Amino acid sequence: MEKYSLRKADLNRWIDSMIDRCQVFVPSRIEEEIFFSPVDEAPEMDLLGGTAVLPYLPPKDIVFPQSEILFSYSGKGEETKVEVPEGPKRGLVILGIRSCDTQGIFWLDQFFQENFNDFYYSRRRNKVTLVTIACNQPAKNCFCICCQGGPFLGSESQNFDIQLISFQDGYLVECNSTQGKELIDMRPDIFFPPEAGMEEIRFHLEEESQKKFLPAPTSYMSTAIRRITSNGIPPELWTELGERCFDDGGCSFVCPCCSCFGVGYLANDGKGYHYRYWDSCGYAGFTREVSGHNPREEKGERFKRRFFHKLSYQYLKKDGRIGCVGCGRCITACPGEVTMPLVVERIRKAQEAKYFK
Amino acid sequence: MIKNISTICSFCNTGCGMFVRLNGEEAVGILPNTRHPVNEGRLCKRGWNRYQNLRSENRLSHPLVRKGSKLEEVGWDEALQISKEKISYILSRYGPQAIGVVGSPWLTNEDNYRVSLFCRQVLKSNNLDGSYRFSGAAALTALNETWSGALGSLASIQSLRESPAILVLGRESLRDFSPVGARMIQAYQQGSKLILADPVCLRAEHFYNTFLPFPEEQLAQILKEKKDVAEQIPRLLAQPGSAIVFIADQIKTASSLLSLLSFMSQDQADPHPIPMMIPLSRSPNFRGAWDMGIRPNNGGLTLLEMLDLSNVIKGLLVFGDDLLTHLPSFSLMEKLKKLDFLLVADRFLTDTVQIAHGAFPIPLLAESTGTLTNCEGRVQKLRPVLNTGGESRPLSYLLSSLTRKLGSSLPAHSDKEMRKEISLVIPQYQNIHSESELDSPQGIVLSTLKHPVIPSIPFETREGPQAPGKYHLFIPNTLYAWSRNQMILESPLLRIEYPEDRMALRMNRQDVRELRIRPGEKIKVCSDHGEAQLAVEIDESLPSRTLVLPMHFSTVIENLAGKRKFDHIANYSYCPDLEVTLKKV
Ligand code: SF4
Ligand code: SF4
């Protein structure tokens, strides 16, 4: 891993150079809501500091959009024309992504690229360079510390291209990949070797940041993993939690790890297209069979399945991590407030309560 | 490159704030608005997937005119000319009262107001109504009576979470409208009392403190029998900030709602404290259309009468509604098909368009400017997020062209000018001309000008006890109504989420066992009036001896029920619940 220092005042100059070569996404405000949007002017620096400010949606939609056309067709018989829309031509940089969301993208990589290489995902993902910012100060819903999601990415995780660590008027820059190196090499004039003592400050900042999390209810994550894995949760608890679920799908959509999609088509008069769209295991239609039978008709059943996939050992072993990175977005999106921290807490506290007597 | 455009959802009348995400001219996603007071960053599944129907390939893209048995694409001028000739002919031959006009809860306030001016001032007809006559007019009439015609703001969804007590009529009102349900669950967690009254539910979800099996007539019965409950509930709901939440589309009679209100306010100090009222609807501008005058006046006919009174109405002009899917009986559908002239203005190639003589494409709500009034009485502005509608033109264009061709004149107002006029004419809308407030995510909350006056209407109780061997057949307006909504049908995901209901008689597992039949097997249902054979399906939530058949299976229900009952307050007929017997086939 190579390390540099970068002055905050030079960040804009670096981004300017990137824009000439790539499309650069940074968190920006639109009507006070934050989105990852392509930059065309100076980014808002308060969103790129050490304090975590999370956009409503993780940048997963840049590699896996909410909906995308797979192919369109027109004409009939011999005349039929099939068209696959083009992928991105230029490189994509996601700058200002936080540690948790970065881990989310690496989790998506496993799903879309490991056993089967998904053409649509890969043609975007392979063009992406991730410039992560570590969090010196978590936001109020953050619990990445319980999920190997953050607040800093360790050098052992390897899962980033560039990590920026915010100091007072500069960043410590850690570079972990050749793509990352290419971005840095564009501006040798603004990247300097790290000053003496920076390394110590880095670890001090990380430690300080970690202290800001406790006590978090999700520190019971291991209890939850154990109970879910051993099927040690009484069905009543799932029913009760399921009753508070509105099956609106919001939790899946905002989750940096959720990758389920459906494929639909819209057609009329010999022309139309197939497209895929974000789907959710919370939806009844997700598992309903053509016959009308649904193996997970009850909401509690679907709810259980969702958390089994996220937390059971079976998946942990397969994927190397649990399916939650601790960004806390489900807390913002869930109308029933049956969020990851609440579910974990209920599972743990259920020991004393009626279910584990 | 994705553009995020802030607007409001136009699926239902909760009125959630959202961003529609565009890639060029294509809607590719939705995000909730976290600063919007109605939903604060949350949406229901319709809202999250709303972008799908914005890309429909099934739009009505050209004006259509019936030539013989076929609909043919023509230009706007030709379609307008032909329509004008038909309308003129009916007007001169039979007079203005032979024409009926249908406005719509799927049109903006401004467009509904235009429709109402067109009907009353250009056509000079008083026969103006909306499809809510068949589901919802009962509730609207009751609320309108209570607030003496000036229905202002009735509630705030956001402050529901501080309600000390909430009466929920029908559990779908909590389930299917998640921003509303979310606040109710929050209220429960903070110690509020949640009371569910549901006609067909046996097991209430865990956050209900009290569970009343039956609203309307059956509620009366229960309250009569259980004195403690009957005393406790009005007391709970008399606390300031309490609320009654219901799906207005499901309320069958105005008197049922009025008698409930009058029961709640019995023995209360005068003036009656009245709970917040949240009349939910599956259409986005249910309140607004009504407020804009989409209802008959001066002896005009209701939609039911327009179709039912034989031969009075010769021509019907339907603006922004798929009327056919709302008609509750086969005979009314037949009558709609037999009109001399049926004009439809809509967005999709709907069933109603298929039987029309002339059809005009108009923009989706997502392509329109103008305002909608949500269930709280909040007026919110739509932003035109895209323009994909082929040859579609705004309804204002259609109406002003017809007006001109008919040799009449109406000032051609922009939406902004229209709002100015509405603010002068409709008292509770007096504040809505402030454009800067309309542009904020809060919108404008209607003024409450009148104090509610609750007429004293006793509960109608069920006649006698249930006869031995009989089953009570409920005919509710269920969630499945969504499966007829064209916006659902045009969304691949939602089409799966709201499947077409299978025509089946739902019953309790115990009853199925006693009858020695299997699910899926057919059974004969006999009423005083007729009989029908229906497949049986188990519904775990139903109490014993209670059967459910959703109301949209109108032909079968018509067979069993025969004559519909008439609600004189709401001027509307409905199918009462039935006592039936079951026989093995
Ligand atoms: S969850 Fe952790 S990594 Fe993500 S924003 Fe919060 S502190 Fe940063
Ligand atoms: S509750 Fe109604 S307004 Fe809100 S997102 Fe759902 S359909 Fe749209």
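Quantities reported herein were computed from a predicted structural model and do not represent experimental measurements.

Conventions we followed
Residues numbered from 1 in each chain as written. Chains lettered and ligands numbered in written order. Predicted model: local features only at pLDDT ≥ 70, side-chain atom pairs only at ≥ 80, totals over all residues. Heavy atoms only, no water. Contact = heavy atoms within 4.5 Å. Buried area = accessible area lost by both parts, 1.4 Å probe. Polar contact = N/O pair within 3.5 Å; in protein donor to acceptor, adjacent residues only side chain to side chain. Helix = DSSP H or I, 4+ residues; strand = E, 2+ residues; numbered from the N terminus. Core = buried A, V, L, I, M, F, W, Y, C linked by side-chain atoms within 4.5 Å. Buried < 20%, exposed > 50% of the residue type's maximum accessible area, 1.4 Å probe, protein only. Near = heavy atom within 4 Å. Nonpolar A, V, L, I, M, F, W, Y, C, P; charged D, E, K, R; others polar. Domains from an automatic or database assignment. Salt bridge = Lys/Arg side-chain N within 4 Å of Asp/Glu carboxyl O. Pairing = 2+ DSSP bridges. Axes fitted to C-alpha atoms, helices over the stretch in contact; angles between N-to-C directions. Expected span 1.5 Å × (residues − 1). Arc of directions from axis to C-beta. Phe/Tyr/Trp six-rings, centres within 6.5 Å; stacked < 30°, edge-to-face > 60°. Lys NZ or Arg CZ within 6 Å of the ring centre and 35° of its normal.

Draft legend 1. Broad picture of the interface of chain A and chain B. At the junction of the two partners, chain A supplies 48 residues and chain B supplies 50 residues. Of all residues in chain A, Gln66(A), Glu243(A) and Phe246(A) bury the most surface against chain B, accounting for 16% of the area lost on that side. For the pair chain A and chain B, the number of links is 24 residue pairs in polar contact (both at pLDDT 80 or more). When residues of the side of chain A that touches chain B are traced back to their parent elements, those giving at least two are β2 (22–30), β3 (33–38), β4 (67–74), α8 (235–243), α9 (250–254), β10 (261–268), β11 (271–278) and α12 (329–333) of chain A.

Draft legend 2. Examining the nonpolar core more closely. Counting residues in hydrophobic clusters, the biggest one holds 86 residues, and the most contacted among them are Leu160(B), Ile166(B) and Met184(B). In terms of residue count, the dominant contributor to this core is helix α3 (residues 99–114) of chain A (six residues).

Draft legend 3. Structural detail: the site of ligand 2. Near ligand 2 the following residues occur: Cys9(B), Phe11(B), Cys12(B), Thr14(B), Gly15(B), Cys16(B), Leu43(B), Cys44(B), Arg46(B), Gly47(B) and Pro179(B). When its residues are assigned to classes, the shell around ligand 2 shows seven nonpolar, three polar and one charged.

Draft legend 4. View of the domain arrangement of chain B. All names here are of chain B. The domain boundaries assigned to chain B delineate domain 1 (2–55), domain 2 (64–136 + 286–362 + 394–423), domain 3 (139–280) and domain 4 (471–584). The partner domain 3 presents twelve residues to the twelve residues of domain 1 that form the contact. Where domain 1 abuts domain 3, roughly 890 Å² becomes buried across the two surfaces, and 43% of that area is made up of carbon and sulfur atoms. Along the contact surface separating domain 1 from domain 3 lie three salt bridges. Across the pair Arg183 and Glu40 runs a salt bridge whose closest N-O atoms are separated by 2.8 Å. If you look at where domain 1 meets domain 3, you find nine residue pairs in polar contact (both at pLDDT 80 or more). Of the residues contributing to the side of domain 1 that touches domain 3, the split by class is six nonpolar, three polar and three charged.

Draft legend 5. Up close: the sheet that holds strand β7 (residues 128–133) of chain A. All names here are of chain A. Across the sheet, which stays open at both edges, the seven strands sit in the order β1-β9-β8-β7-β6-β2-β3 with mixed pairing between neighbours. Looking at strand neighbours, the two that pair on one side only are β1 (2–7) and β3, the edges of this open sheet. The sheet shows a mean angle of 25° between the axes of neighbouring strands, taken without regard to direction. Sheet analysis places strand β8 (residues 162–166) next to strand β9 (residues 170–175), joined by five bridges and oriented antiparallel. Bridging across to β9, Gln163 finds its partner in Glu174. Against the sheet, helix α1 (residues 8–21) engages β1, β2, β6 (91–98), β7, β8 and β9, with an angle of about 110° to β1. Relative to β9, helix α6 (residues 198–211) is tilted by about 95°, and along the sheet it contacts β1, β8 and β9.

Draft legend 6. Just the domain arrangement of chain A, in detail. Residue and element names in this part refer to chain A. The domain architecture assigned to chain A consists of domain 1 (2–57 + 87–211) and domain 2 (221–258 + 288–356). Between the C-alpha centres of domain 1 and domain 2 the distance comes to 29 Å. With 19 residues of domain 1 at the contact, the number on the domain 2 side is 23 residues. Here domain 1 packs against domain 2, burying approximately 1800 Å² in sum over the two surfaces, 59% of which is carbon and sulfur. Remark: the boundary between domain 1 and domain 2 carries one salt bridge. With a shortest N-O distance of 2.8 Å, Asp101 and Arg329 are connected by a salt bridge. Across the contact surface, domain 1 and domain 2 share nine residue pairs in polar contact (both at pLDDT 80 or more).

Draft legend 7. Geometry of α6(A). All names here are of chain A. When the terminal C-alpha atoms of α6 are compared, their 20 Å separation across 14 residues agrees well with the 20 Å that a helix rising 1.5 Å per residue should span. Turning to α6, its buried residues are Met198, Arg202, Leu205, Glu206 and Ser209. Seen end-on, α6 carries its buried residues on one side only, within an arc spanning 100°. Turned more than 90 degrees from where α6 packs its buried face, Glu200 and Lys211 sit exposed. Against β1, β8 and β9 lie the buried residues of α6.

Draft legend 8. Molecular detail of the environment of Met18(B). When you line up the elements, Met18(B) lands in strand β2 (residues 17–23). For Met18(B) and Ser6(B), which are twelve residues apart along the polypeptide, the C-alpha to C-alpha distance reads 5.8 Å.

Draft legend 9. Here's a closer look at the site of ligand 1. Taken together, the residues surrounding ligand 1 are Ala52(A), Leu54(A), Arg98(A), Ser99(A), Cys100(A), Cys135(A), Pro138(A), Cys142(A), Cys144(A), Phe213(A), Gly326(A) and Cys327(A). For the shell around ligand 1, a count of residues per class yields nine nonpolar, two polar and one charged.

Draft legend 10. View of helix α3 (residues 109–123) of chain B. Helix length check: α3(B) (15 residues) gives 20 Å between terminal C-alpha atoms against 21 Å at 1.5 Å per residue, within 8%. Positioned one or two residues after α3(B), Lys124(B) has a phi angle of 60°, which is positive.

Draft legend 11. Representation of the side chain of Thr146(B) within the structure. Residues and elements named next belong to chain B. By the element assignment, Thr146 lies in helix α4 (residues 137–146). Among the residues examined, Thr146 registers a relative accessible area of 0% and is labelled buried. When residues no more than four places from it in sequence are discounted, the contact partners of Thr146 are Leu258, Leu261, Ile274, His451, Pro452, Val453 and Ile454.

Draft legend 12. Representation of the sheet that holds strand β16 (residues 371–373) of chain B within the structure. All names here are of chain B. Spatially, β16-β17-β18 is the arrangement adopted by the three strands of the open sheet, whose pairing is antiparallel. Since the sheet does not close on itself, it has two edges, and those belong to β16 and β18 (444–445), each with one partner. The sheet contact formed by strand β17 (residues 378–381) and β18 spans two bridges and is antiparallel. Bridge assignment links Val379 to a residue of β18, and that residue is Ile444.

Draft legend 13. Region of interest: the packing of aromatic side chains. What the rule picks out here adds up to 27 aromatic pairs over all chains. Here the aromatic rings of Phe64(A) and Trp278(A) are separated by 6.2 Å at their centres, their planes lie at 50°, and the arrangement is tilted. In this pair, Phe64(A) is assigned in the loop between α2 (60–63) and β4 and Trp278(A) in strand β11, connecting sequence segments 214 residues apart. Owing to a relative accessible area of 1%, Phe64(A) belongs among the buried residues under this scheme. Its relative accessible area of 1% is what places Trp278(A) among the buried residues. Among the aromatic residues, ring-to-ring pairing joins Tyr56(A), Phe64(A), Phe111(A), Phe112(A), Tyr121(A), Phe253(A), Phe261(A), Trp278(A), Tyr283(A) and Trp48(B) into one connected group. Arg125(A) extends its terminal NZ or CZ atom over the ring of Phe106(A), reaching a point 5.3 Å from the ring centre.

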